[in-house]
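Next come the chains, spelled out residue by residue.
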Amino acid sequence: MNLLQYLPGNSVLHRLNPVTKLAAAFLVGICAIVSHSVVFTISLIILLLGICTACGLGKRALRLTRSLLVLGGMMFVFQLFFVRSGDPLLSAGGFTFVTRDGLSSAVLLGLRIVATMLPLMLLFAITEMNDLCGALVKRLHVPYRYAFIVTTAFRFVPLFTSEFHDIEDAQKARGVEYDGGIIKKLKLSVPLFVPLMMSSLKKVDAGAMSAQLRGFNLRTVSSGYREYPFTAADIGCILFSLLLVGAAAVL
Amino acid sequence: MLRFEDVSFRYPHSDSSVEHLSFHIQKGEFVALIGSNGAGKSTISRLSNGLLKPDSGTVYLDGTPTTSIRTSQIARKAGFLFQNPDRQICQNTVREELAFGLRLMGLPEQEIRERTREAIEQFSLDGDWFPFSRSRGERQRIALASVLVCRPQLVILDEPTTGLDYRECTAIMDYLTRLNREEGLTVLMVSHDMELVSQYAGRVLVLTGGQLIGDGATHDVMRDQPLLGRAHVLPAQIPALALKLDAGAKQPQFEDVFTVEEMFETICRLRKEMSATAGKGEVLS
(Lines give C-alpha, C1' and ligand atoms only; values in the text may rest on other atoms or scores of the structure.)
Protein backbone atom coordinates (compact mmCIF):
# COMPACT_ATOMS: atom_id res chain seq x y z
CA MET A 1 0.00 0.00 0.00
CA ASN A 2 1.15 3.51 -0.77
CA LEU A 3 2.20 5.32 2.39
CA LEU A 4 1.05 8.68 1.00
CA GLN A 5 -2.46 7.45 0.18
CA TYR A 6 -5.47 9.20 1.78
CA LEU A 7 -7.20 7.21 4.55
CA PRO A 8 -10.87 8.21 4.79
CA GLY A 9 -12.16 8.90 8.30
CA ASN A 10 -14.10 11.27 10.52
CA SER A 11 -11.66 11.82 13.41
CA VAL A 12 -10.78 15.21 14.92
CA LEU A 13 -7.65 15.30 12.76
CA HIS A 14 -9.62 14.49 9.60
CA ARG A 15 -12.14 17.26 10.30
CA LEU A 16 -9.54 20.02 10.78
CA ASN A 17 -9.22 22.67 8.09
CA PRO A 18 -6.60 21.53 5.53
CA VAL A 19 -4.72 24.83 6.02
CA THR A 20 -4.56 24.14 9.76
CA LYS A 21 -3.22 20.64 9.13
CA LEU A 22 -0.55 22.02 6.81
CA ALA A 23 0.43 24.76 9.29
CA ALA A 24 0.48 22.31 12.22
CA ALA A 25 2.63 19.86 10.26
CA PHE A 26 5.15 22.64 9.56
CA LEU A 27 5.08 23.89 13.17
CA VAL A 28 5.75 20.39 14.54
CA GLY A 29 8.57 20.09 12.01
CA ILE A 30 10.01 23.40 13.26
CA CYS A 31 9.76 22.04 16.84
CA ALA A 32 11.98 19.12 15.92
CA ILE A 33 14.53 21.37 14.23
CA VAL A 34 14.61 23.97 17.03
CA SER A 35 14.91 21.46 19.88
CA HIS A 36 18.35 20.22 20.92
CA SER A 37 16.97 17.75 23.43
CA VAL A 38 16.87 14.06 22.55
CA VAL A 39 14.25 13.45 25.26
CA PHE A 40 12.02 16.23 23.88
CA THR A 41 12.30 14.89 20.30
CA ILE A 42 11.46 11.34 21.42
CA SER A 43 8.53 12.72 23.44
CA LEU A 44 7.36 14.64 20.37
CA ILE A 45 7.38 11.45 18.26
CA ILE A 46 5.53 9.52 20.99
CA LEU A 47 3.00 12.37 21.28
CA LEU A 48 2.41 12.30 17.52
CA LEU A 49 1.96 8.52 17.55
CA GLY A 50 -0.44 8.82 20.50
CA ILE A 51 -2.58 11.45 18.76
CA CYS A 52 -2.64 9.34 15.59
CA THR A 53 -3.65 6.20 17.50
CA ALA A 54 -6.45 8.11 19.22
CA CYS A 55 -7.70 9.17 15.79
CA GLY A 56 -7.54 5.62 14.36
CA LEU A 57 -4.34 6.24 12.37
CA GLY A 58 -2.00 4.28 14.64
CA LYS A 59 -1.18 1.56 12.10
CA ARG A 60 -0.28 4.03 9.33
CA ALA A 61 1.72 6.21 11.74
CA LEU A 62 3.72 3.20 12.95
CA ARG A 63 4.45 2.05 9.39
CA LEU A 64 5.56 5.57 8.47
CA THR A 65 7.74 5.78 11.57
CA ARG A 66 9.35 2.46 10.69
CA SER A 67 10.15 3.64 7.14
CA LEU A 68 11.45 6.98 8.44
CA LEU A 69 13.59 5.22 11.03
CA VAL A 70 15.45 3.50 8.18
CA LEU A 71 16.21 6.91 6.67
CA GLY A 72 17.01 8.29 10.12
CA GLY A 73 19.30 5.30 10.72
CA MET A 74 21.26 6.09 7.54
CA MET A 75 21.67 9.72 8.61
CA PHE A 76 22.70 8.51 12.08
CA VAL A 77 25.53 6.42 10.59
CA PHE A 78 26.79 9.29 8.39
CA GLN A 79 26.67 11.79 11.22
CA LEU A 80 28.39 9.36 13.60
CA PHE A 81 31.43 9.11 11.36
CA PHE A 82 31.56 12.69 10.09
CA VAL A 83 31.49 14.51 13.45
CA ARG A 84 35.04 14.36 14.80
CA SER A 85 34.85 16.78 17.77
CA GLY A 86 34.36 15.69 21.39
CA ASP A 87 35.81 12.95 23.59
CA PRO A 88 36.61 9.69 21.81
CA LEU A 89 34.22 6.85 22.62
CA LEU A 90 35.48 4.17 20.25
CA SER A 91 39.09 4.08 19.11
CA ALA A 92 41.26 1.42 17.57
CA GLY A 93 44.89 1.56 16.41
CA GLY A 94 45.19 5.28 17.11
CA PHE A 95 42.12 6.12 15.02
CA THR A 96 38.95 7.43 16.64
CA PHE A 97 35.79 5.99 15.10
CA VAL A 98 33.11 7.50 17.33
CA THR A 99 33.18 10.63 19.53
CA ARG A 100 30.77 11.73 22.25
CA ASP A 101 29.62 14.77 20.21
CA GLY A 102 29.27 12.58 17.13
CA LEU A 103 27.04 10.12 18.96
CA SER A 104 24.78 12.77 20.51
CA SER A 105 24.40 14.76 17.29
CA ALA A 106 23.83 11.55 15.26
CA VAL A 107 21.05 10.41 17.61
CA LEU A 108 19.46 13.86 17.46
CA LEU A 109 19.69 14.02 13.66
CA GLY A 110 18.18 10.55 13.22
CA LEU A 111 15.26 11.46 15.50
CA ARG A 112 14.83 14.87 13.85
CA ILE A 113 14.40 13.19 10.47
CA VAL A 114 11.53 11.12 11.90
CA ALA A 115 9.95 13.99 13.83
CA THR A 116 10.01 16.48 10.94
CA MET A 117 8.85 14.15 8.21
CA LEU A 118 6.23 12.17 10.13
CA PRO A 119 3.67 15.02 10.44
CA LEU A 120 4.15 16.07 6.81
CA MET A 121 3.62 12.52 5.58
CA LEU A 122 0.65 12.03 7.91
CA LEU A 123 -0.89 15.11 6.33
CA PHE A 124 -1.55 13.05 3.20
CA ALA A 125 -3.22 10.27 5.19
CA ILE A 126 -5.80 12.66 6.66
CA THR A 127 -6.28 15.19 3.85
CA GLU A 128 -7.85 14.66 0.46
CA MET A 129 -5.82 16.34 -2.26
CA ASN A 130 -8.91 18.13 -3.60
CA ASP A 131 -9.57 19.60 -0.15
CA LEU A 132 -5.97 20.71 0.29
CA CYS A 133 -6.05 22.36 -3.13
CA GLY A 134 -9.46 23.96 -2.45
CA ALA A 135 -8.45 25.28 0.98
CA LEU A 136 -5.18 26.72 -0.32
CA VAL A 137 -7.11 28.59 -3.02
CA LYS A 138 -10.04 29.70 -0.80
CA ARG A 139 -8.28 30.56 2.43
CA LEU A 140 -4.73 31.45 1.42
CA HIS A 141 -5.66 32.78 -2.05
CA VAL A 142 -2.94 30.72 -3.70
CA PRO A 143 -3.58 30.87 -7.48
CA TYR A 144 -5.42 27.69 -8.49
CA ARG A 145 -2.78 26.91 -11.11
CA TYR A 146 -0.04 26.53 -8.44
CA ALA A 147 -2.21 24.67 -5.91
CA PHE A 148 -3.17 22.30 -8.73
CA ILE A 149 0.49 21.67 -9.64
CA VAL A 150 1.34 20.62 -6.07
CA THR A 151 -1.68 18.39 -5.54
CA THR A 152 -1.38 16.79 -8.99
CA ALA A 153 2.26 15.95 -8.36
CA PHE A 154 1.23 13.90 -5.33
CA ARG A 155 -1.69 12.32 -7.14
CA PHE A 156 0.69 11.07 -9.82
CA VAL A 157 3.01 9.29 -7.36
CA PRO A 158 1.03 5.98 -7.15
CA LEU A 159 0.43 6.07 -10.91
CA PHE A 160 4.13 6.40 -11.63
CA THR A 161 4.98 3.69 -9.11
CA SER A 162 2.73 1.20 -10.87
CA GLU A 163 4.01 2.31 -14.30
CA PHE A 164 7.58 1.88 -13.06
CA HIS A 165 6.87 -1.73 -11.99
CA ASP A 166 5.28 -2.52 -15.36
CA ILE A 167 8.28 -1.05 -17.22
CA GLU A 168 10.65 -3.04 -15.01
CA ASP A 169 8.72 -6.22 -15.90
CA ALA A 170 8.83 -5.35 -19.62
CA GLN A 171 12.60 -4.85 -19.47
CA LYS A 172 13.15 -8.03 -17.45
CA ALA A 173 11.15 -9.91 -20.10
CA ARG A 174 13.61 -8.55 -22.67
CA GLY A 175 16.55 -9.92 -20.75
CA VAL A 176 17.65 -6.93 -18.66
CA GLU A 177 19.06 -8.20 -15.36
CA TYR A 178 18.40 -6.03 -12.33
CA ASP A 179 19.87 -8.47 -9.84
CA GLY A 180 23.50 -7.32 -10.21
CA GLY A 181 25.59 -4.78 -8.28
CA ILE A 182 24.89 -1.07 -7.96
CA ILE A 183 27.11 -0.07 -10.94
CA LYS A 184 25.30 -2.56 -13.17
CA LYS A 185 21.95 -1.27 -11.95
CA LEU A 186 22.96 2.32 -12.70
CA LYS A 187 24.09 1.34 -16.20
CA LEU A 188 20.76 -0.37 -16.80
CA SER A 189 18.71 2.58 -15.57
CA VAL A 190 18.26 3.86 -19.14
CA PRO A 191 15.77 1.09 -20.05
CA LEU A 192 13.77 2.04 -16.96
CA PHE A 193 13.85 5.80 -16.92
CA VAL A 194 13.53 6.58 -20.61
CA PRO A 195 10.17 4.75 -20.97
CA LEU A 196 9.02 6.19 -17.63
CA MET A 197 9.89 9.73 -18.72
CA MET A 198 8.19 9.28 -22.09
CA SER A 199 5.02 7.84 -20.55
CA SER A 200 4.99 10.57 -17.87
CA LEU A 201 5.27 13.29 -20.50
CA LYS A 202 2.44 11.70 -22.48
CA LYS A 203 0.27 11.44 -19.34
CA VAL A 204 0.95 15.06 -18.40
CA ASP A 205 0.21 16.20 -21.96
CA ALA A 206 -3.09 14.26 -22.02
CA GLY A 207 -3.94 15.56 -18.52
CA ALA A 208 -3.26 19.17 -19.52
CA MET A 209 -5.40 18.80 -22.63
CA SER A 210 -8.35 17.35 -20.71
CA ALA A 211 -7.97 20.06 -18.03
CA GLN A 212 -8.11 22.74 -20.74
CA LEU A 213 -11.19 21.12 -22.25
CA ARG A 214 -12.89 21.25 -18.84
CA GLY A 215 -12.25 24.98 -18.43
CA PHE A 216 -9.09 24.94 -16.30
CA ASN A 217 -8.23 28.54 -17.19
CA LEU A 218 -11.63 29.81 -16.09
CA ARG A 219 -11.24 28.61 -12.52
CA THR A 220 -10.94 31.32 -9.84
CA VAL A 221 -11.36 31.59 -6.04
CA SER A 222 -15.15 31.76 -6.42
CA SER A 223 -15.34 28.65 -8.62
CA GLY A 224 -15.22 26.10 -5.78
CA TYR A 225 -18.53 25.51 -4.01
CA ARG A 226 -16.97 24.08 -0.82
CA GLU A 227 -16.11 26.44 1.99
CA TYR A 228 -13.30 25.76 4.44
CA PRO A 229 -14.19 27.60 7.66
CA PHE A 230 -11.84 27.75 10.67
CA THR A 231 -13.38 26.31 13.84
CA ALA A 232 -12.43 26.29 17.52
CA ALA A 233 -10.61 22.97 16.94
CA ASP A 234 -8.44 24.66 14.31
CA ILE A 235 -7.52 27.50 16.65
CA GLY A 236 -6.82 24.99 19.43
CA CYS A 237 -4.60 22.92 17.13
CA ILE A 238 -2.56 25.94 16.02
CA LEU A 239 -2.20 27.20 19.63
CA PHE A 240 -1.06 23.75 20.76
CA SER A 241 1.46 23.59 17.91
CA LEU A 242 2.78 27.06 18.81
CA LEU A 243 3.05 25.95 22.43
CA LEU A 244 5.13 22.97 21.29
CA VAL A 245 7.44 25.30 19.32
CA GLY A 246 7.83 27.45 22.44
CA ALA A 247 8.60 24.41 24.56
CA ALA A 248 11.11 23.18 21.99
CA ALA A 249 12.91 26.53 22.05
CA VAL A 250 13.11 26.58 25.85
CA LEU A 251 13.99 22.91 26.48
CA MET B 1 8.00 -26.19 -25.48
CA LEU B 2 5.86 -24.89 -22.60
CA ARG B 3 4.31 -27.13 -19.96
CA PHE B 4 2.18 -26.16 -16.97
CA GLU B 5 1.90 -28.90 -14.35
CA ASP B 6 -0.80 -28.27 -11.74
CA VAL B 7 0.21 -24.60 -11.49
CA SER B 8 -1.46 -22.29 -8.97
CA PHE B 9 -0.67 -18.66 -8.30
CA ARG B 10 -2.34 -15.97 -6.21
CA TYR B 11 -1.45 -12.26 -6.22
CA PRO B 12 -0.66 -10.92 -2.75
CA HIS B 13 -3.41 -8.66 -1.29
CA SER B 14 -5.78 -9.62 -4.11
CA ASP B 15 -8.46 -12.15 -4.97
CA SER B 16 -7.03 -12.72 -8.46
CA SER B 17 -5.54 -16.15 -8.92
CA VAL B 18 -5.09 -19.09 -11.25
CA GLU B 19 -5.63 -22.58 -9.91
CA HIS B 20 -4.46 -26.07 -10.85
CA LEU B 21 -3.56 -25.27 -14.44
CA SER B 22 -2.16 -28.08 -16.55
CA PHE B 23 -1.50 -27.91 -20.28
CA HIS B 24 1.28 -28.55 -22.74
CA ILE B 25 2.17 -26.44 -25.77
CA GLN B 26 4.23 -28.27 -28.39
CA LYS B 27 6.95 -26.69 -30.51
CA GLY B 28 5.52 -24.95 -33.58
CA GLU B 29 1.97 -24.52 -32.23
CA PHE B 30 -0.01 -21.25 -32.54
CA VAL B 31 -2.10 -21.12 -29.38
CA ALA B 32 -4.58 -18.46 -28.31
CA LEU B 33 -5.53 -17.81 -24.70
CA ILE B 34 -9.06 -16.45 -24.39
CA GLY B 35 -11.36 -15.42 -21.55
CA SER B 36 -12.99 -12.33 -20.07
CA ASN B 37 -11.10 -9.66 -18.11
CA GLY B 38 -9.70 -11.06 -14.87
CA ALA B 39 -9.87 -14.67 -16.11
CA GLY B 40 -6.12 -15.11 -15.64
CA LYS B 41 -4.83 -14.71 -19.21
CA SER B 42 -2.11 -12.19 -18.40
CA THR B 43 -1.15 -14.16 -15.28
CA ILE B 44 -0.52 -17.25 -17.43
CA SER B 45 1.54 -15.23 -19.90
CA ARG B 46 3.64 -13.78 -17.04
CA LEU B 47 4.04 -17.22 -15.46
CA SER B 48 5.23 -18.52 -18.85
CA ASN B 49 8.19 -16.17 -19.05
CA GLY B 50 9.14 -16.27 -15.39
CA LEU B 51 7.99 -12.75 -14.48
CA LEU B 52 5.77 -14.53 -11.96
CA LYS B 53 6.80 -17.72 -10.20
CA PRO B 54 4.09 -20.26 -9.33
CA ASP B 55 3.02 -20.73 -5.69
CA SER B 56 2.64 -24.46 -6.38
CA GLY B 57 3.17 -26.70 -9.38
CA THR B 58 5.82 -26.19 -12.06
CA VAL B 59 6.09 -24.26 -15.31
CA TYR B 60 8.56 -25.93 -17.69
CA LEU B 61 10.02 -23.91 -20.54
CA ASP B 62 11.84 -26.13 -22.99
CA GLY B 63 12.12 -28.74 -20.24
CA THR B 64 13.55 -26.37 -17.58
CA PRO B 65 11.45 -25.19 -14.60
CA THR B 66 11.10 -21.38 -14.69
CA THR B 67 11.91 -21.29 -10.98
CA SER B 68 15.41 -22.62 -11.56
CA ILE B 69 16.56 -19.93 -14.02
CA ARG B 70 16.54 -16.14 -14.03
CA THR B 71 13.95 -14.21 -16.06
CA SER B 72 16.77 -12.73 -18.13
CA GLN B 73 17.86 -16.25 -19.14
CA ILE B 74 14.29 -17.20 -19.99
CA ALA B 75 14.17 -14.10 -22.22
CA ARG B 76 16.66 -15.75 -24.60
CA LYS B 77 14.17 -18.53 -25.30
CA ALA B 78 10.85 -16.76 -24.81
CA GLY B 79 10.19 -13.31 -26.26
CA PHE B 80 7.36 -11.26 -24.78
CA LEU B 81 5.44 -8.57 -26.61
CA PHE B 82 3.47 -6.33 -24.26
CA GLN B 83 0.19 -4.65 -25.11
CA ASN B 84 1.88 -1.28 -24.63
CA PRO B 85 5.09 -1.00 -26.71
CA ASP B 86 6.10 2.18 -24.84
CA ARG B 87 7.10 0.16 -21.77
CA GLN B 88 9.67 -1.66 -23.83
CA ILE B 89 11.14 0.95 -26.17
CA CYS B 90 14.06 2.73 -24.51
CA GLN B 91 16.60 3.71 -27.19
CA ASN B 92 16.94 6.79 -29.38
CA THR B 93 16.89 5.05 -32.76
CA VAL B 94 15.17 1.99 -34.14
CA ARG B 95 18.60 0.50 -34.95
CA GLU B 96 19.76 0.88 -31.33
CA GLU B 97 16.44 -0.47 -30.07
CA LEU B 98 16.80 -3.64 -32.11
CA ALA B 99 20.44 -4.02 -31.12
CA PHE B 100 19.66 -3.56 -27.39
CA GLY B 101 18.25 -7.08 -26.86
CA LEU B 102 21.09 -8.63 -28.86
CA ARG B 103 23.71 -6.77 -26.79
CA LEU B 104 22.07 -8.08 -23.62
CA MET B 105 22.54 -11.58 -25.06
CA GLY B 106 26.23 -10.79 -25.45
CA LEU B 107 26.44 -11.40 -29.20
CA PRO B 108 29.44 -10.09 -31.21
CA GLU B 109 28.98 -6.62 -32.77
CA GLN B 110 29.28 -7.99 -36.32
CA GLU B 111 26.36 -10.38 -35.79
CA ILE B 112 24.33 -7.67 -34.04
CA ARG B 113 24.77 -5.35 -37.06
CA GLU B 114 23.83 -8.14 -39.46
CA ARG B 115 20.69 -9.24 -37.58
CA THR B 116 19.57 -5.64 -37.01
CA ARG B 117 19.90 -4.83 -40.72
CA GLU B 118 17.86 -7.92 -41.66
CA ALA B 119 15.09 -7.12 -39.14
CA ILE B 120 14.88 -3.50 -40.33
CA GLU B 121 14.32 -4.77 -43.88
CA GLN B 122 11.85 -7.49 -42.89
CA PHE B 123 9.69 -5.15 -40.81
CA SER B 124 9.92 -2.27 -43.32
CA LEU B 125 11.42 0.06 -40.70
CA ASP B 126 13.95 2.87 -40.95
CA GLY B 127 16.97 2.39 -38.68
CA ASP B 128 17.29 6.15 -38.04
CA TRP B 129 13.72 6.69 -36.87
CA PHE B 130 13.23 8.17 -33.37
CA PRO B 131 10.92 5.41 -32.07
CA PHE B 132 8.90 7.53 -29.63
CA SER B 133 7.61 9.87 -32.32
CA ARG B 134 6.27 7.10 -34.60
CA SER B 135 2.60 6.03 -34.80
CA ARG B 136 1.18 3.44 -32.40
CA GLY B 137 1.23 0.75 -35.10
CA GLU B 138 4.84 1.50 -35.98
CA ARG B 139 5.88 1.46 -32.32
CA GLN B 140 4.22 -1.94 -31.93
CA ARG B 141 6.06 -3.15 -35.04
CA ILE B 142 9.38 -1.84 -33.62
CA ALA B 143 8.68 -3.63 -30.31
CA LEU B 144 7.83 -6.87 -32.12
CA ALA B 145 10.93 -6.57 -34.30
CA SER B 146 13.11 -6.05 -31.21
CA VAL B 147 11.64 -9.23 -29.71
CA LEU B 148 11.94 -11.36 -32.85
CA VAL B 149 15.42 -10.14 -33.75
CA CYS B 150 16.63 -12.21 -30.75
CA ARG B 151 15.19 -15.31 -32.49
CA PRO B 152 13.26 -16.76 -29.54
CA GLN B 153 11.78 -20.25 -29.75
CA LEU B 154 8.55 -19.09 -28.13
CA VAL B 155 6.90 -15.71 -28.45
CA ILE B 156 4.21 -14.62 -26.00
CA LEU B 157 1.91 -11.87 -27.23
CA ASP B 158 -0.23 -9.99 -24.72
CA GLU B 159 -3.07 -8.39 -26.72
CA PRO B 160 -0.68 -7.66 -29.59
CA THR B 161 -3.10 -5.80 -31.84
CA THR B 162 -4.76 -3.41 -29.36
CA GLY B 163 -4.94 0.07 -30.84
CA LEU B 164 -3.80 -1.04 -34.28
CA ASP B 165 -5.77 -0.48 -37.48
CA TYR B 166 -6.70 -3.43 -39.70
CA ARG B 167 -3.71 -3.01 -42.03
CA GLU B 168 -1.17 -2.82 -39.18
CA CYS B 169 -2.83 -5.72 -37.40
CA THR B 170 -2.76 -7.94 -40.52
CA ALA B 171 0.88 -7.05 -41.22
CA ILE B 172 1.96 -8.14 -37.73
CA MET B 173 -0.16 -11.29 -37.63
CA ASP B 174 0.79 -12.41 -41.16
CA TYR B 175 4.46 -12.04 -40.30
CA LEU B 176 4.05 -14.11 -37.12
CA THR B 177 2.06 -16.77 -39.02
CA ARG B 178 4.83 -17.04 -41.61
CA LEU B 179 7.47 -17.51 -38.89
CA ASN B 180 5.21 -20.04 -37.18
CA ARG B 181 4.69 -22.11 -40.36
CA GLU B 182 8.11 -21.77 -41.97
CA GLU B 183 10.47 -21.62 -39.01
CA GLY B 184 8.47 -23.45 -36.35
CA LEU B 185 8.18 -20.46 -33.99
CA THR B 186 5.82 -21.32 -31.12
CA VAL B 187 3.27 -18.58 -30.49
CA LEU B 188 1.15 -18.04 -27.38
CA MET B 189 -1.26 -15.17 -27.95
CA VAL B 190 -3.52 -13.56 -25.34
CA SER B 191 -6.43 -11.91 -27.10
CA HIS B 192 -9.98 -10.62 -26.74
CA ASP B 193 -10.38 -10.41 -30.50
CA MET B 194 -12.21 -13.60 -31.52
CA GLU B 195 -11.92 -12.74 -35.23
CA LEU B 196 -8.15 -12.65 -34.84
CA VAL B 197 -8.16 -15.90 -32.84
CA SER B 198 -10.34 -17.78 -35.33
CA GLN B 199 -8.25 -16.51 -38.24
CA TYR B 200 -4.76 -17.24 -36.93
CA ALA B 201 -4.71 -19.66 -33.96
CA GLY B 202 -4.65 -23.44 -34.40
CA ARG B 203 -5.54 -24.19 -30.79
CA VAL B 204 -7.43 -22.28 -28.12
CA LEU B 205 -7.22 -22.40 -24.34
CA VAL B 206 -10.36 -21.07 -22.63
CA LEU B 207 -10.09 -19.53 -19.16
CA THR B 208 -12.59 -18.32 -16.62
CA GLY B 209 -12.09 -17.38 -12.97
CA GLY B 210 -8.46 -18.54 -13.08
CA GLN B 211 -9.36 -22.04 -14.28
CA LEU B 212 -8.84 -23.71 -17.61
CA ILE B 213 -12.27 -24.82 -18.81
CA GLY B 214 -11.52 -25.60 -22.45
CA ASP B 215 -8.59 -26.69 -24.59
CA GLY B 216 -9.05 -27.70 -28.20
CA ALA B 217 -8.70 -26.95 -31.88
CA THR B 218 -9.91 -23.44 -32.78
CA HIS B 219 -12.68 -24.88 -35.01
CA ASP B 220 -14.09 -27.00 -32.18
CA VAL B 221 -13.87 -24.28 -29.52
CA MET B 222 -15.47 -21.64 -31.75
CA ARG B 223 -18.47 -23.92 -32.35
CA ASP B 224 -18.83 -24.79 -28.66
CA GLN B 225 -21.32 -22.07 -27.67
CA PRO B 226 -21.93 -23.34 -24.09
CA LEU B 227 -18.16 -23.34 -23.41
CA LEU B 228 -17.72 -19.81 -24.77
CA GLY B 229 -20.80 -18.74 -22.81
CA ARG B 230 -19.25 -20.02 -19.56
CA ALA B 231 -16.12 -18.00 -20.34
CA HIS B 232 -18.28 -14.91 -21.13
CA VAL B 233 -16.82 -14.76 -24.62
CA LEU B 234 -18.73 -14.13 -27.83
CA PRO B 235 -17.68 -16.39 -30.71
CA ALA B 236 -16.27 -14.91 -33.92
CA GLN B 237 -19.01 -13.70 -36.28
CA ILE B 238 -18.56 -16.20 -39.13
CA PRO B 239 -18.53 -19.35 -36.91
CA ALA B 240 -21.53 -17.89 -35.03
CA LEU B 241 -23.39 -17.35 -38.31
CA ALA B 242 -22.43 -20.85 -39.49
CA LEU B 243 -23.83 -22.33 -36.29
CA LYS B 244 -27.09 -20.42 -36.70
CA LEU B 245 -27.45 -21.54 -40.32
CA ASP B 246 -26.85 -25.16 -39.30
CA ALA B 247 -29.20 -25.00 -36.31
CA GLY B 248 -31.87 -27.68 -36.68
CA ALA B 249 -30.53 -28.88 -40.06
CA LYS B 250 -30.36 -32.66 -40.59
CA GLN B 251 -27.21 -32.34 -42.64
CA PRO B 252 -25.04 -29.42 -41.40
CA GLN B 253 -23.57 -27.56 -44.38
CA PHE B 254 -21.46 -24.94 -42.57
CA GLU B 255 -19.54 -27.13 -40.15
CA ASP B 256 -16.11 -26.25 -41.54
CA VAL B 257 -16.80 -22.60 -42.22
CA PHE B 258 -14.65 -20.16 -40.22
CA THR B 259 -13.61 -17.39 -42.57
CA VAL B 260 -15.40 -15.02 -44.93
CA GLU B 261 -13.81 -16.83 -47.90
CA GLU B 262 -15.03 -20.23 -46.67
CA MET B 263 -18.51 -18.82 -46.10
CA PHE B 264 -18.51 -17.31 -49.59
CA GLU B 265 -17.35 -20.58 -51.18
CA THR B 266 -19.92 -22.65 -49.27
CA ILE B 267 -22.78 -20.33 -50.22
CA CYS B 268 -21.67 -20.36 -53.89
CA ARG B 269 -21.50 -24.19 -53.81
CA LEU B 270 -24.93 -24.47 -52.23
CA ARG B 271 -26.39 -22.01 -54.75
CA LYS B 272 -24.94 -24.07 -57.58
CA GLU B 273 -26.32 -27.28 -56.09
CA MET B 274 -29.72 -25.70 -55.61
CA SER B 275 -29.90 -24.34 -59.13
CA ALA B 276 -28.74 -27.73 -60.46
CA THR B 277 -31.45 -29.48 -58.44
CA ALA B 278 -34.02 -26.94 -59.59
CA GLY B 279 -32.87 -27.41 -63.22
CA LYS B 280 -33.22 -31.21 -62.92
CA GLY B 281 -36.66 -30.72 -61.45
CA GLU B 282 -37.70 -28.58 -64.41
CA VAL B 283 -36.45 -31.24 -66.91
CA LEU B 284 -38.21 -33.98 -65.01
CA SER B 285 -41.44 -32.04 -64.83
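J.: Outline the domain arrangement of chain B, supporting the account with residue identities and numerical values.
T.: All names here are of chain B. Domain boundaries in chain B define domain 1 (2–233) and domain 2 (236–285). If you average the C-alpha positions of domain 1 and of domain 2, the two centres end up 37 Å apart. Every contact between the two is made by 7 residues of domain 1 and, on the other side, 9 residues of domain 2. Interface of domain 1 and domain 2: buried area, both sides summed, is about 860 Å²; carbon and sulfur atoms make up 60% of it. Three residues stand out in domain 1 for area buried against domain 2, namely Glu 195, His 219 and Arg 223, and they jointly supply 62% of the buried area on that side. Here domain 1 is connected to domain 2 by 1 salt bridge. In this structure, Asp 246 and Arg 223 form a salt bridge, with 3.5 Å as the shortest nitrogen-oxygen distance. Taken together, the links from domain 1 to domain 2 amount to 3 residue pairs in polar contact (both at pLDDT 80 or more). Breaking the side of domain 1 that touches domain 2 down by element, the ones donating at least two residues are α7 (194–200) and α8 (218–223). When the residues that make up the side of domain 1 that touches domain 2 are grouped by side-chain class, the tally is 2 nonpolar, 3 polar and 2 charged.

J.: Pulling in residues and values, what's your account of the sheet that holds strand β9 (residues 203–208) of chain B?
T.: In a beta sheet, neighbouring strands are held together by backbone hydrogen bonds and run either parallel or antiparallel to one another. All names here are of chain B. Strand order across the open sheet formed by 6 strands is β6-β7-β8-β3-β9-β10, with mixed pairing between neighbours. The outermost strands of the open sheet, each flanked by one partner alone, are β6 (78–81) and β10 (211–217). Strand-to-strand, the axes of this sheet are offset by a mean angle of 15°, without reference to chain direction. For β9 and β10, the ladder comprises 6 bridges, and the chain directions are antiparallel. Residue pairing across strands places Arg 203 opposite Ala 217, the latter belonging to β10. Running at roughly 150° to strand β7 (residues 154–158), helix α1 (residues 41–48) makes contact with β3 (30–34), β6, β7, β8 (186–190) and β9 of the sheet.

J.: Describe the pairing of strand β2 (residues 95–99) of chain A, listing the residues and the values that go with them.
T.: Residues and elements named next belong to chain A. Two strands pair when backbone bridges link them, and strand β1 (residues 88–92) and β2 are joined in this way by 4 bridges, in the antiparallel orientation. Bridge pairing in β2 links Leu 90 to Val 98. Hairpin connection between β1 and β2: a loop of 2 residues separates the two successive antiparallel strands, and Gly 93 in this loop has a positive phi of roughly 60°.

Scoring rules and cut-offs
- Residues numbered from 1 in each chain as written.
- Chains lettered and ligands numbered in written order.
- Predicted model: local features only at pLDDT ≥ 70, side-chain atom pairs only at ≥ 80, totals over all residues.
- Heavy atoms only, no water.
- Domains from an automatic or database assignment.
- Contact = heavy atoms within 4.5 Å.
- Buried area = accessible area lost by both parts, 1.4 Å probe.
- Salt bridge = Lys/Arg side-chain N within 4 Å of Asp/Glu carboxyl O.
- Polar contact = N/O pair within 3.5 Å; in protein donor to acceptor, adjacent residues only side chain to side chain.
- Helix = DSSP H or I, 4+ residues; strand = E, 2+ residues; numbered from the N terminus.
- Nonpolar A, V, L, I, M, F, W, Y, C, P; charged D, E, K, R; others polar.
- Pairing = 2+ DSSP bridges.
- Axes fitted to C-alpha atoms, helices over the stretch in contact; angles between N-to-C directions.

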